[in-house]
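# A closer look at the structure
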Amino acid sequence: MTVHEAVKTYCLRLGDDALILGHRLSEWTSRAPFLEEDIALTNVALDFVGRARLFYQYAAELSGGDVTEDTFAYTRDVREFSNLLICELPRGDFAFTIVRQFLFDSLALLFMEKLKHSDDSRLAGIAAKAEKEATYHVRRGREWMLRLGDGTNESHARAQKAVNGLWGYTNEMFEVDALTATLIEAGIAVDTEALRAPWFESVSEVLTEATLAVPNTDWSVEGGRRGIHTDDLGFLLAELQFMQRAYPGLRW
Amino acid sequence: MKDNLIPLLPEEEMQRRQRRAQSEWPELWRLLDHVMDPEIPVISLYELGVLQDVQLENDVVVLTLTPTYIGCPALQIMEEDARKALTDAGYPDVRVVKTLSPAWTTAWLTSAAREKLQRYGVAAPLDGVAAATCPQCGSADVEAVSEFGSTACKALYRCAACLEPFDLLKAI
């Protein structure tokens, strides 16, 4: 695989993470617990879809030909998506959404801080913008974690259940495979393994402050980067891609 | 003796203003001064910092724009409005270049732009949220209701003095 193709694959991973997670957030539209939160969740979803667009546009340019951002979003099937599993899990209850988002955003901030120094100027440019938004996401996430964890008995129980259920999906966020290793060598990709410790430190600090227990589990799931997904992604894509599949080539 | 505080502009913003000041096509810049932010129609593309450069290359107008927030849907509309303004003025060939860096920041807004925003009803404090004042009554007794307001770039605030809500342009 050439560096060119490797960067494209890397780009698609980051775009897929953003698109799938953005879609899950958008599922709260008109269903959030109260109006301000409805607006907040949909705004964060917009940030993620925008991030996906930037990565997909770059990947499309690297592909050449007729490939556009829409090709990646609307015409690939489950096995072709390379997002992390944590992104595709159903939105669950409000606590689950908040905890998942917080765990992901905590890494995203650290990640973008590093990616903005990438030798690939386009990725660096995207990261510089994404980092600003990630700062907001983490701040918002932290406030909610404290409110839910250090809240009522019910909010605490739901938050703890979410933390326990999600913990095993966090390992995949840090794994470095052969492709990423090559790009790290080339000064393009981020060494996520090196972010594991700082991530754990900042996340466990918030969990503790929120009176939530840091799970002591040793199970972990992975496969997303290789196209091995949960059932949930299939249903998500069926909804996301329905219009393009039903009317191929459809344009606004 | 009073402190004479001259607000310093970021380097890239200095350069942008110089590009305009030294441009061979000042009429193009002036034309685009009428293209406003669709959500905040008192602020132009230039004042927002979205319009980075405009050049004329063999009858083709080359516009360089930079997005504010990544997911901002208004950028698309601003681009279309800019094209229309140019076409109507006799420049049908327009090429838009989107640049991500230098990354847009609210630090580029002029104090004139901030005052316009404030008069329009959107707080845009220079020194961050600590200096926010109510656009309606001017009181500094304000509180944040939500990090997200009517658009991605704004937060929702409330004035404890006059009890009116208002949007605040978030500093990034």
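In this text, all values refer to a predicted model and were calculated from it rather than measured experimentally. (Residues numbered from 1 in each chain as written. Chains lettered and ligands numbered in written order. Predicted model: local features only at pLDDT ≥ 70, side-chain atom pairs only at ≥ 80, totals over all residues.)

### Observations concerning the overall build of chain A
The cut-off we apply is this: Helix and strand assignments follow DSSP, with helices taken as H or I runs no shorter than four residues and strands as E runs no shorter than two, numbered in order from the N terminus. Restricting the calculation to C-alpha atoms gives the radius of gyration, and the globule rule supplies 2.2 Å times the number of residues raised to the power 0.38. As a rule, residues whose C-beta atom has 12 or fewer other C-beta atoms within 10 Å are exposed, those with 20 or more are buried, and those in between are partly exposed; C-beta atoms are placed from the backbone. This entry defines residue contacts through backbone-placed C-beta atoms, with two residues in contact when those atoms are within 7 Å.
Assigned secondary structure in chain A consists of 10 helices and 0 strands. When its helices and strands are written in sequence order, chain A yields α-α-α-α-α-α-α-α-α-α. Here the C-alpha atoms of chain A give a radius of gyration of 18 Å, agreeing with the 18 Å that 2.2 N^0.38 yields for 252 residues. Across its three principal axes, chain A shows a C-alpha extent of roughly 55 × 45 × 30 Å. Within the span of chain A, comprising 252 residues, buried residues form 44% of the whole. The contacts of chain A with a sequence gap of at least 6 include a subset with a gap of at least 24, amounting to 74%.

### With respect to the domain arrangement of chain B
Residue and element names in this part refer to chain B. To keep things clear, this is the line we draw: Marked domain ranges trace back to an automatic or database domain assignment. Think of it as three bins: nonpolar holds Ala, Val, Leu, Ile, Met, Phe, Trp, Tyr, Cys and Pro, charged holds Asp, Glu, Lys and Arg, and polar takes everything else, Gly as well.
Its domain assignment divides chain B into domain 1 (11-106) and domain 2 (109-169). Taking the mean C-alpha position of each, domain 1 and domain 2 sit 25 Å from one another. Listed per partner, the contact involves 11 residues of domain 1 and 11 residues of domain 2. Of the residues assigned to the side of domain 1 that touches domain 2, the class counts are 5 nonpolar, 4 polar and 2 charged.

### Section: unusual backbone geometry
The linkage connecting Ser 101 of chain B with the following residue, Pro 102 of chain B, adopts the cis geometry, with an omega of 5 degrees. Its place among the elements puts Pro 102 of chain B in the loop between strand 3 (94-98) and helix 5 (111-120). Despite not being glycine, Ser 30 of chain A has its phi angle at roughly 70 degrees, a positive value. The topology assignment puts Ser 30 of chain A in the loop between helix 1 (3-26) and helix 2 (35-63). According to the C-beta neighbour criterion, Ser 30 of chain A is exposed, with 7 such atoms within 10 Å. Even without glycine at this site, Leu 163 of chain B takes up a positive phi of about 70 degrees. Within the secondary structure, Leu 163 of chain B sits in the loop between strand 6 (154-159) and strand 7 (165-169).

### A word on the interface of chain B and chain A
Each side of the interface is counted separately: chain B has 13 residues, and chain A has 19 residues. Split by residue class, the side of chain B that touches chain A holds 9 nonpolar, 3 polar and 1 charged.

### As for the pairing of strand 2 (residues 60-65) of chain B
Residue and element names in this part refer to chain B. To keep it simple, the criterion reads: Whether two strands pair comes down to DSSP finding at least two bridges between them. Call a crossover right-handed when, viewed with both strands pointing away from you, the route from the first strand across the helix to the second goes clockwise.
With 6 bridges joining them, strand 1 (residues 51-57) and strand 2 adopt antiparallel strand pairing. Each residue of the ladder has a partner; that of Leu 56, found in strand 2, is Val 61. The antiparallel hairpin formed by strand 1 and strand 2 contains 2 residues in its connecting segment, where Asn 58 sits at a positive phi of about 50 degrees. Pairing between strand 2 and strand 3: 5 bridges, direction parallel. Each bridged residue has a counterpart across the sheet, and for Val 62 the counterpart in strand 3 is Arg 95. In this view, the connection linking strand 2 to its parallel neighbour strand 3 by way of helix 4 (residues 74-88) has right-handed handedness.

### A short note on the environment of Phe 102 of chain A
Inspection of the secondary structure puts Phe 102 of chain A in helix 5 (residues 94-115). Those residues within four positions of Phe 102 of chain A in sequence are excluded, and the remaining contacts are Gly 141 and Met 145 of chain A.

### Topic: the packing of helix 5 of chain A against helix 7 (residues 153-167) of chain A
Packed helices, taken two at a time, are described by their axes: the angle between them and the distance between them. Residues and elements named next belong to chain A. How we decide: Note on method: axes are straight lines fitted to C-alpha atoms, helices fitted across the in-contact stretch only, with angles between N-to-C directions ranging 0 to 180 degrees. For classification purposes, an angle smaller than 35 degrees is called roughly parallel, one larger than 145 roughly antiparallel, one from 65 to 115 roughly perpendicular, and anything else oblique. A crossing counts as left-handed when the near helix is turned anticlockwise from the far one by less than a right angle, and as right-handed when that turn is clockwise.
Packing of helix 5 against helix 7 leaves a shortest axis separation of 8 Å and a crossing angle of 50 degrees. As summarised for this structure, helix 5 and helix 7 are arranged oblique, according to the angle between their axes. Seen along the crossing, helix 5 lies across helix 7 with a hand that is right-handed. Here Ala 95, Phe 96, Val 99, Arg 100 and Leu 103 of helix 5 lie close against helix 7, whose contacting residues are Ser 155, Arg 158, Ala 159, Ala 162, Val 163 and Leu 166. Tallied by class, the residues present in the contact of helix 5 with helix 7 amount to 8 nonpolar, 1 polar and 2 charged.

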